Amino acid sequence: MKSTGTLKVSARGDREIVMTRVFDAPRSLVFDAYTKPELLKRWLGVFGGWTMPVCEVDLRVGGTYRWVWRGADGREMGVRGVYREVVPPERLVNTEKFDEAWYPGESLITTTFVEQGGETTLTVTMRYESREARDSVLKSPMEGGVSQSYDKLAELLASGEVRK
Amino acid sequence: MQPSGYKRATPDRLDATFAALADPTRRAILARLATGEASVTELAAPFDMSQPAISKHLKVLERAGLVYRGRDAQRRPRRLEPRPLAEATGWLEAYRRCWEGNFERLDAVLEELKAGKKRGRSKR
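Values in this document were obtained by computation on a predicted structure and should not be read as measured data.

Colleague: How should I be thinking about the pairing of strand β4 (residues 64–70) of chain A in this particular structure?
Modeller: Residues and elements named next belong to chain A. Side-chain alternation along β4 places Y65, W67 and W69 on a buried face and T64, R66, V68 and R70 on a face that remains uncovered. Two elements, strand β3 (residues 51–57) and β4, share 5 bridges in a ladder whose sense is antiparallel. Each residue of the ladder has a partner; that of V54, found in β4, is V68. In this antiparallel pair of consecutive strands, β3 and β4, the connection spans 6 residues, and G62 shows a positive phi of 90°. Judged from the 7 bridges that link them, β4 and strand β5 (residues 76–87) form a sheet pairing that is antiparallel.

And the structure:
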């Protein structure tokens, strides 16, 4: 079975979301793509006309990062945080707070890069301040401006317009 | 009326929901029911499928708590239960899709980096 390419997402416990994905590349490259602005700008949240005009990364413990996305309509969405652990190319821990957060508090993101046989298993654990905050994130990917595509049916159903 | 198959969302419930949604015919049935209740005959009409085949799909949807039977004993209309779907699709699926898009772009970046590395080595 092909191990690369399948993304697993689950809600863990009360406050966490965990994502796992295998990449067909050594972890040094995956780590680079996660931490170098010129690479981040090419994949993270850039779709449907959204670009990432601001991508600043001060990759050291206590260093900050600042990312801003801009939509085709000029709308902007920004996020900032502080790196708490930086262990290239194995592990990153950073805080995350969106400028217009749709969830209360700050989240703590732990990203690990485990390499085996030339493939890298990426595990991202997002820990929120409360269950409510975690659930808001899961429920509102649209509001967060991060949802790429939405099935017509899902859109109709999730909007609450559908009544039996 | 309280739909019989519906309980609060649990991981099992989400699994059942996703399994039920994995089939295009079942998604089409749900899309049809999103516009209002329908009998099995009405549901079978747009598909090139027998009624028993449609009934089989409906059973899967009923077991997943996505569809339930209305009271009319004659027509036995099927109705959509939107809550588990809204939870499942609105929660993890939309979230997962968004990240799937990110990671597919990341795959492309990594392919390029790998190719660049190889070229760099062969130059030496």
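Let's pick the thread back up.
Colleague: Before we go on, may I ask you to explain the sheet that holds strand β1 (residues 8–12) of chain A in this structure?
Modeller: Whenever strands of a sheet pair, they do so through backbone hydrogen bonds, lying parallel or antiparallel. Residues and elements named next belong to chain A. Strand order in the open sheet formed by 8 strands is β1-β2-β8-β7-β6-β5-β4-β3, with antiparallel pairing between adjacent strands. With one partner strand each, in any of the chains shown, β1 and β3 form the two edges of the open sheet. Mean inter-strand twist for the sheet, computed between neighbouring axes without regard to direction, equals 20°. Two elements, strand β2 (residues 16–23) and strand β8 (residues 119–127), share 8 bridges in a ladder whose sense is antiparallel. Bridged to V18 within β8 is T125. Sheet contacts for helix α1 (residues 27–35): β2, β3, β6 (91–98), β7 (107–116) and β8; angle to β7, the most-contacted strand, approximately 155°.

Cut-offs used in this document
- Each chain has its residues counted from 1, following the order in which its sequence is written.
- Each chain takes a letter, starting from A, and each ligand takes a number, starting from 1, following the order in which they are written.
- Side-chain atom pairs in this predicted model are given and counted only at pLDDT of 80 or more, local residue features only at pLDDT of at least 70, and totals for whole chains, interfaces and linings cover all residues.
- Residue burial is a threshold on neighbouring C-beta atoms within 10 Å of the residue's own C-beta, all placed from the backbone, with 20 or more meaning buried, 12 or fewer meaning exposed, and counts in between meaning partly exposed.
- By the criteria applied, helices consist of DSSP H or I runs no shorter than four residues and strands consist of E runs no shorter than two, each listed in order from the N terminus.
- Following DSSP output, two strands are said to pair if at least two bridges run between them.
- Fitting a line to C-alpha atoms yields each axis, with helices limited to the stretch in contact; the angle taken between N-to-C directions then spans 0 to 180 degrees.
- The contact rule is simple: place each C-beta atom from the backbone, and if two of them lie within 7 Å, those residues are in contact.

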